[in-house]
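# Observations on the model geometry
The residues making up each chain are set out below.
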Amino acid sequence: MQKLTLHDIIDAIKRQNGISDFKIVNTKKQSHELFFVHGKLETLRKAESESSVVTLYVAHDGKLGNSSFEATASLMADELENKLAAARENALLIFDEPYELPENLHTDGVLESNLRDMPPFEVAAKVASAVKKANETPGCDVNALEVFVVKTTTRVINSRNVDCSEVKYTVNLEAIPTANGEKQSVELFETYSFSELDEDLIACELSARLKDVAARLEAVKPAKKLTCPVIFNAYELNELFGELIFNANFASVYSHANTLEKGDALQSAPAHDKLNVTMRGKIKGCPASALFDENDGCPLADRQIIKDGKLAALYGSHRFAQYLGEEPTGNLGCIEVECGTCSEEELAKGEHLELVYMSGLQVDVYNDYIGGEIRLAYYFDGNKRVPVTSIAMSGKLSDVLNTVRLSNKQTISGAYVGPSKMLADGFNIF
Amino acid sequence: MALSKFLQSRVGDAKELVGELGKKFEYVSVLGSDVKSLNVRATKRISNISDGSDADRGFVVKLSSGNAFFEYSLDDITGDKRELAKKIASELALPKELQDSEISSKPIEDEPLEKAFERETDVDDYSPRELLDACATLKDKLLEMSDKIVNATALIRTLDVSKLFVSKNRTLTQRYAWVNGYILAAYKDFSRLVNVREGANGHMMKNVLEELSEKLEKAVDKAAHLVTAKPIEPGLYDVITDPSITGLLAHEAFGHGVEMDMFVKDRALAKHCIGTQVASPICNMHDGAAATLSVASYFFDDDGVLAHDTLIIKDGILLRGISDLESASQLGSEPTGNGRRESHKRKAYTRMTNTFFESGESALEEMIASVKHGYMIFETNNGMEDPKNWQIQCVAEYGREIIDGKLTDNYVSPVVMSGYVPDVLKSISMISKDFDVEGAGMCGKGHKEWVRVSDGGPALKLKVKLG
């Protein structure tokens, strides 16, 4: 049996009556995966898939309806015909405000990465070997390791002469640094995603985490209640800024899910650094990079969203930009936060609590809340730095943002590119 | 509901492929998935009828010869099986730097069984038009109930699962369906915006739609209270959990903690605590696809192991864990039907299914009356496990203060519950007679591998840190 092709889908759409427009987002994915337990190979996997999300648009009654379905490579001809007919009928039931689809766009490129010319299982083995190399801390080990080397090819085609494609290479790594003491064994959970292989950086990061996990063995609940500023690392900053920029998305605003309007202050009275956040389409080394909006093929236009602590602009897709009468930027994936002026050492000069591992930072913009359970942190009283555990923190988000001081060193963590550390005050630590 | 036509047409291909690969590998299985999902949504400004993100179609081939496991995920298995088997074996060749570093595993039992499973449902009786009309009606009713509602949404999400499992000695098929319905309101008052949701779920669409329309008033009432909610004063409190938070506690405290792939990796303290008291003696906890009827109630798992009802904690004592095939073969134990994949493209891990505490003897009113000062906390937002070190974080959408044995209208939100698992579970002093399992959960392994799960149980009274 022949595999369903994009030509098959387009030909079948053209045979349907009453379709105003169509869009196809075709994704081909190859994933090479290694799973290790206690340094030994448990599973080796390869996954190859191709599928297309097909959207049909029907203009009717002064409105626009659309409906989407997934066409996998194994879809049979009669199934495709049935799905197309159903999607056309479904689109007729939808009465959304009309909007124009993107037109006349052509892109064909590969996102910059040093992974593109390396055999994928070799990349995975190199990552595993870098992790092994990091393991120099006595009594510590990486109990489990998972490595995913993924090549994703995305192609967006529509009926308005859009044909954009990109190839993206990423590595995802999940490692469990563990320390075994006489009385107990403790662990941390580490996950990294990157588009540039740097074995020394992996070894360096893991080596630092292995030292942290060794410290967790010694960590105790502080004897007294702590009242000091808190240092956040890049992992938590990715979570924090990801929540904050949700306010600025066209789709959030259109659906009344935003709590801030343009011009509103996230920092009403910043005592130190003012926040400046720019959403970007691509940044070298950031795995959230893309050449175009992977949902509709639109070009990506970088935009500063937060300027001097105020919501300065919105961003988002072609469709919702039209609804709001704004210039579209496309769905921008990379969050770039402007660095501050302090070195990491200056931030850590006074009494503070430095977060290493949380259950999950909770940022709730609706309830003006930031907090969570802390599994490992370092408490510095001005003289001595000790590992602490079994505590939680909570604060009023708007107050905390007024106190932030950002480091001058830039780092990448997931979609976040910005200061490696942030010092903030106003927490109840309990 | 019979197996999907697509998978029916691939049974012969799967058997042939197992035969070809069986010439080289001791154990071979083929899992075929054909999962259909429809999302129907009506909001104040936009509507949609589209395939849902659960949709999945493809195959995964699993191979073993007593050491490491090998898997190949692909879209289809038609064509020349000899060529396909050759391609799979060649593409899964071990890189030379890994050739002496494989685990060893016990031979996999491949007990003979041929069976077709199916569950009755009415999902196919409803057209997309009928579902959209139902959603539009719910959304309109919600908007009419208060001019403070700035957006309202009604959403129906269907899951229609067909799976085929073939090994040398087994041919299993299953088909079942599940429906999740939600109503959501964005409510603005006192310059404050809150989002509330109510849900209904089950294997019959009719019941889900009826239940949703009965929950409209509750959603609006809750929103009106939540705009006045204050932050909670952090501290240790007497707490009553609603069934949703009870389920979250079961899931995070001793669900992840007894996933036996964590035992293999020495990532779970529970491995060393089998047979010991880990919870209050009034606690009994289960997990299993066959333990109750909910979203994770399949008939066989993604390893072809039949569904179980595993009693994990009995009278506060930890009895056993749950496992997938790979973990069981490394530990020398019996798999418990908990091998699950996010899709055919992903690896199977030990995963929870329907996880819950058994009901107890107390009336909820009696439990509330026993609290001098504390909170009743409601509705899962999210949670995080720590099987190795038994820390726990459960986030509830909101809480209501209990003063002198009475549930007040003093709302707090959000509420983060945290603590050390044995301290939390041993503090359980009362368990209600109620029982509710919510089939609307999503569970990740680490930060990925999302599968649908349910959890729940009765109300619990315990002492725990809230912040």
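Residues numbered from 1 in each chain as written. Chains lettered and ligands numbered in written order. Predicted model: local features only at pLDDT ≥ 70, side-chain atom pairs only at ≥ 80, totals over all residues. Heavy atoms only, no water.

## Describing the overall build of chain A
Going by this rule: Helix and strand definitions here come from DSSP, where helices need a minimum of 4 consecutive H or I residues and strands a minimum of 2 consecutive E residues; each element is numbered from the N-terminal end. Each radius of gyration reported is based on C-alpha atoms, and the globular scaling rule is 2.2 Å times the count of residues to the power 0.38. When a residue's accessible area, from a 1.4 Å probe over protein chains only, is under 20% of the maximum for its type it is buried; when over 50% it is exposed; and in between it is partly exposed.
Scanning chain A for helices and strands turns up nine helices and 23 strands. Taken over the C-alpha trace, chain A has a radius of gyration of 25 Å; the compact-globule value for 430 residues is 22 Å, and the two agree within 12%. Projected onto its principal axes, the C-alpha coordinates of chain A cover approximately 75 × 55 × 30 Å. Of all 430 residues assigned to chain A, the portion counted as buried reaches 59%.

## A closer look at the domain arrangement of chain A
All names here are of chain A. Rules: Those domain boundaries reflect an automatic or database domain assignment. Any two residues whose heavy atoms approach within 4.5 Å are treated as being in contact. Accessible area that two parts lose when put together, evaluated with a 1.4 Å probe and summed over both, is termed the buried area. Throughout this description, the term salt bridge denotes a Lys or Arg side-chain nitrogen within 4 Å of a carboxyl oxygen of Asp or Glu. For the purposes of these results, a polar contact is taken to be a pair of N or O atoms within 3.5 Å, where, inside protein, one atom must be able to donate a hydrogen and its partner to accept one; residues adjacent in sequence count only when each atom of the pair is a side-chain atom. Residues are grouped as follows: nonpolar covers Ala, Val, Leu, Ile, Met, Phe, Trp, Tyr, Cys and Pro; charged covers Asp, Glu, Lys and Arg; every other residue, Gly included, is treated as polar.
Domain parsing of chain A yields domain 1 (6–216) and domain 2 (219–429). The partner domain 2 presents 29 residues to the 36 residues of domain 1 that form the contact. Note on domain 1 versus domain 2: buried area summed over both sides is about 2500 Å², and carbon and sulfur give 58% of it. Contact with domain 2 buries area across many residues of domain 1, yet Y99, E166 and R216 alone supply 20% of it, more than any other trio. At the boundary of domain 1 and domain 2, one finds four salt bridges. Ionic pairing is found between R319 and D96, a salt bridge with its closest N-O pair at 2.9 Å. Taken together, the links from domain 1 to domain 2 amount to eleven residue pairs in polar contact (both at pLDDT 80 or more). When residues of the side of domain 1 that touches domain 2 are traced back to their parent elements, those giving at least two are β1 (21–37), β4 (105–110), β5 (140–158), β6 (162–180), β8 (190–194) and α4 (199–218). Ranked by residue count, the leading element in the side of domain 1 that touches domain 2 is β6, at six residues. Its residues assigned to classes, the side of domain 1 that touches domain 2 shows 15 nonpolar, nine polar and twelve charged.

## Re the interface of chain B and chain A
Of the residues lining the interface, 77 residues belong to chain B; the matching set on chain A comes to 78 residues. Our enumeration of links across chain B and chain A arrives at eleven salt bridges. Between B:E71 and A:R45 there is a salt bridge whose closest N-O contact spans 2.6 Å. On inspection of chain B and its partner chain A, the count reaches 48 residue pairs in polar contact (both at pLDDT 80 or more). Residue contributions to the side of chain B that touches chain A peak at six residues, all from strand β4 (residues 69–74) of chain B. For the side of chain B that touches chain A, the residue count by class is 30 nonpolar, 19 polar and 28 charged.

## Focus: the sheet that holds strand β15 (residues 354–357) of chain B
Residues and elements named next belong to chain B. What counts, and what does not: For two strands to be treated as a pair, DSSP must find no fewer than two bridges joining them. Lines fitted to the C-alpha atoms define the axes, with helices restricted to the stretch that makes contact. Angles between their N-to-C directions range from 0 to 180 degrees.
Strand order in the open sheet formed by six strands is β12-β11-β10-β15-β22-β21, and the pairing between neighbours is mixed. At either end of the open sheet lies a strand with only one pairing partner, and these are β12 (317–318) and β21 (436–445). Examined bridge by bridge, β15 and strand β22 (residues 448–457) share three bridges and lie parallel to one another. Within the sheet, the bridge partner assigned to F356 lies in β22 and is G456. Each of β10 (285–287), β11 (310–314), β12, β15, β21 and β22 is contacted by helix α7 (residues 243–255), which is oriented at about 125° to β22, the strand it contacts most.

## Notes on the state of the cysteines
All names here are of chain A. For clarity, the cut-off: In what follows, a disulfide is any cysteine sulfur pair within 2.5 Å.
Taken as a whole, this structure holds zero disulfides over all chains when the rule is applied. Of the cysteine sulfurs around C286, a residue in no disulfide, the closest is that of C334, at 3.6 Å. In this structure C298 is not part of a disulfide, and its nearest cysteine sulfur, from C164, lies 8.4 Å away.

## Some details on the layout of surface pockets
Formally: Buried and open spaces are told apart on a 1 Å grid over the protein atoms alone, a cavity being a set of points where a 1.4 Å probe fits but cannot get out and a pocket being an open set with protein on both sides within 12 Å along at least five of seven lines. Residues with an atom within 4 Å of a point are the lining residues. Grid points are joined across faces, edges and corners, and a volume is the space filled by probe spheres set on the points.
For the second largest pocket, the calculated volume is near 1000 Å³. Considering the residues around the second largest pocket, the lining is formed by 38 residues, among which A:K83, B:K36, B:S37, B:D51 and B:D160 are closest to the centre. Going through the elements one at a time, β3 (63–72) and α2 (77–92) of chain A together with α1 (5–8), β1 (27–43), β2 (47–51), β3 (56–64), α4 (128–145) and β6 (149–167) of chain B are the ones with two or more residues in the lining of the second largest pocket. In terms of residues, the lining of the second largest pocket owes the most to one element, α2(A), which gives seven residues. Residues of the lining of the second largest pocket, tallied by class, amount to 15 nonpolar, ten polar and 13 charged.

## A word on empty space enclosed by the protein
Scanning the model with the defined rule gives four cavities of 30 Å³ or more in all. Roughly 70 Å³ of volume is contained in the largest cavity. Looking at the lining of the largest cavity, the elements that each hand over two or more residues are β1 and β5 of chain A together with α9 (325–331) and β14 (349–350) of chain B. Counted as a void, the second largest cavity has a volume near 60 Å³. Along the walls of the second largest cavity sit A:E146, A:E174, A:F189, B:M262, B:K265, B:R267, B:Y349, B:E385, B:K445 and B:G446, which together make up its complete lining. When the residues that make up the lining of the second largest cavity are grouped by side-chain class, the tally is three nonpolar, one polar and six charged.

## Looking at the domain arrangement of chain B
Residues and elements named next belong to chain B. According to the domain assignment, chain B consists of domain 1 (5–34 + 55–117), domain 2 (120–162 + 175–226) and domain 3 (235–466). Computed over C-alpha atoms, the centres of domain 1 and domain 3 are 34 Å apart. Across the contact, 21 residues belong to domain 1 and 17 residues belong to domain 3. For the pairing of domain 1 and domain 3, the buried interface totals around 1500 Å² over both sides, and the portion due to carbon and sulfur atoms is 62%. Of all residues in domain 1, the largest losses of buried area upon contact with domain 3 belong to L31, K62 and F117, amounting jointly to 33% of the total for that side. The interface formed by domain 1 and domain 3 holds three salt bridges in total. We note a salt bridge from E326 to K62, for which the minimum N-O separation is 3.0 Å. Linking domain 1 with domain 3 are five residue pairs in polar contact (both at pLDDT 80 or more). When contributions to the side of domain 1 that touches domain 3 are tallied by element, the ones reaching two or more residues are β1, β3, β4 and β5 (113–118).

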